[in-house]
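Take a look at the letters that make up each chain.
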Amino acid sequence: MKTTLSIALVMALGLQCSLGQAVVHDPLLEFVTITNHLAQLARMAQTIQELQQTKDRLGDAASILSISGVGETLLQIAQTGIGQSRTAIASIANSALAFAYQ
């Protein structure tokens with residue numbers, strides 16, 4: 001009886017230990033992960049460089065305000081136009097008037 005009990009106890013402990021998860025260290029997986037991160041960083045650096053080149057080619061957008069005559073042009077654009085507004089014209093327009101136009 002004692003041997004059966006001791007064998008059952010040893011088997012239960014052995015089974016309990018075998019069900020635990022062992023920590024696995026995979027250096028190849030880490031190497032692949034680091035390589036992927038480095039490739040992603042290289043693509044980001046290339047994108048930043050392309051954006052910088054585009055900005056250099058297009059120039060500084062704020063410099064348009066330094067062109068002579070911009071102030072007067074902006075004042076003219078801000079003024080109201082002559083005649084009826086677009087909303088007033090749209091409110092009186094209909095398709096019957098379009099067919100009657102000659």
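Residues numbered from 1 in each chain as written. Predicted model: local features only at pLDDT ≥ 70, side-chain atom pairs only at ≥ 80, totals over all residues. Heavy atoms only, no water.

Enquirer: How do you make sense of the overall build of the protein chain when you look at a structure like this?
Expert: Helices and strands together make up the secondary structure of the protein chain, namely 5 helices and 0 strands. Going from N to C terminus, the protein chain has its helices and strands arranged as α-α-α-α-α. Put simply, the protein chain has 102 residues, and 1% of those count as buried. Of the accessible surface of the protein chain, which amounts to about 10100 Å², a share of 66% is contributed by carbon and sulfur atoms. (Helix = DSSP H or I, 4+ residues; strand = E, 2+ residues; numbered from the N terminus. Buried < 20%, exposed > 50% of the residue type's maximum accessible area, 1.4 Å probe, protein only. Areas by Shrake-Rupley, 256 points an atom, 1.4 Å probe, with all protein chains shown as cover.)

Enquirer: So what exactly am I meant to see when it comes to helix H2 (residues 27-58) here?
Expert: An α-helical turn contains 3.6 residues, so any two residues separated by three or four positions project in the same direction. Taking 1.5 Å per residue as the helical rise, H2 with its 32 residues ought to reach 46 Å, and the 47 Å between its terminal C-alpha atoms agrees with that figure. Note on H2: the residue one or two positions beyond its end, Gly 59, has a positive phi of about 90°. (Expected span 1.5 Å × (residues − 1).)

Enquirer: Any chance you could explain a nonpolar patch on the surface here in plain terms?
Expert: On the surface, a cluster of nonpolar side chains totalling about 410 Å² of accessible area is made up of Ile 34, Leu 38, Leu 41 and Met 44. Mapped onto the secondary structure, Leu 41 falls in helix H2. (Patch = residues over 30% accessible without salt bridge, like charges linked within 9 Å, V, L, I, M, F, W, Y side chains within 5 Å. Salt bridge = Lys/Arg side-chain N within 4 Å of Asp/Glu carboxyl O.)

Enquirer: How do you make sense of the confidence of the model for the protein chain when you look at a structure like this?
Expert: Low-pLDDT stretches of the model should not have their predicted coordinates read in fine detail. Within the protein chain, residue pLDDT values average 78, and 76% of them lie at 70 or more. Per-element averaging of pLDDT across the protein chain places helix H1 (residues 2-18) at the bottom with 65 and H2 at the top with 92. (pLDDT = per-residue confidence, 0-100.)

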